[in-house]
Amino acid sequence: MGFRPLHDRVLVRRLEADEKTAGGIIIPETAKEKPQQGEVIAVGAGARDENGKVQALDVKAGDFILFGKWSGTEVKIDGEDLIIMKESDVLGIIDGKTIGKKKAA
């Protein structure tokens, strides 16, 4: 992919929503809510502080994150639906192994 976010921006791939509830009920596509979890694909260099010094971001490519429902801007890059958001829109980093399923391209 030939895209690199600038400053304190983060490029995120949204994780796919569950197809079924815990009780086995299949959720139709029209009733699904967009997941608020994603995988960081790329990050910018960081924002500048008052002195002009670049502050590195806390997230890095490969991190799984939780973000707000209305966070970021949806974009299509290389045919894939992704989200660009500021690091401040990231609510937290999810520790552990791969969570959920990656969204199909």
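Refer to the structure above for everything that follows.
This text gives an overview of the structure that appears in the document. All of these numbers come straight from a predicted model, not from anything done at the bench. (Residues numbered from 1 in each chain as written. Predicted model: local features only at pLDDT ≥ 70, side-chain atom pairs only at ≥ 80, totals over all residues. Heavy atoms only, no water.)

### Quick notes on the side chain of R13
Thinking step 1. Among the secondary structure elements, R13 is positioned in strand 1 (residues 9-16).
Thinking step 2. Under the relative-accessibility criterion, R13 is labelled buried at 16%.
Thinking step 3. In terms of polar contacts, R13 uses its side chain to reach the side chain of E80, at 2.5 Å. (Helix = DSSP H or I, 4+ residues; strand = E, 2+ residues; numbered from the N terminus. Buried < 20%, exposed > 50% of the residue type's maximum accessible area, 1.4 Å probe, protein only. Polar contact = N/O pair within 3.5 Å; in protein donor to acceptor, adjacent residues only side chain to side chain.)

### Focus on unusual backbone geometry
Thinking step 1. At H7, a position not held by glycine, the phi torsion is positive, near 55°.
Thinking step 2. With respect to the helices and strands, the residue H7 is situated in the segment before strand 1.
Thinking step 3. Phi at D78 takes a positive value of approximately 55°, unusual for a residue other than glycine.
Thinking step 4. The exposed category is assigned to D78, whose relative accessible area is 65%.

### As for the nonpolar core
Thinking step 1. Counting 10 residues, the largest nonpolar core is built from V10, V12, V40, L57, V59, I65, F67, I83, M85 and V90.
Thinking step 2. Looking at this core, the elements with two or more residues in it are strand 1, strand 5 (64-67) and strand 7 (80-86).
Thinking step 3. Apart from residues lying up to four places away in sequence, F67 is in contact with V12, R14, P35, Q36, Q37, G38, I83, M85, D89 and L91.
Thinking step 4. The next biggest cluster of nonpolar side chains, apart from the first, holds five residues, and it includes L11, A42, I77 and I84. (Core = buried A, V, L, I, M, F, W, Y, C linked by side-chain atoms within 4.5 Å. Contact = heavy atoms within 4.5 Å.)

### So, the pattern of salt bridges
Thinking step 1. According to the stated counting rule, one finds seven salt bridges in the structure shown.
Thinking step 2. In this structure, R9 engages D8 in a salt bridge whose closest nitrogen and oxygen atoms are separated by 3.8 Å.
Thinking step 3. Overall, the relative accessible area of 32% leaves R9 in the partly exposed class.
Thinking step 4. A salt bridge links E80 to R13; its shortest N-O distance comes to 2.5 Å. Taken together, the residues E80 in strand 7 and R13 in strand 1 connect sequence positions 67 residues apart.
Thinking step 5. Through salt bridges with shared partners, a single network forms among D8, R9 and K86. (Salt bridge = Lys/Arg side-chain N within 4 Å of Asp/Glu carboxyl O.)

Geometric values such as these leave the question of function open.
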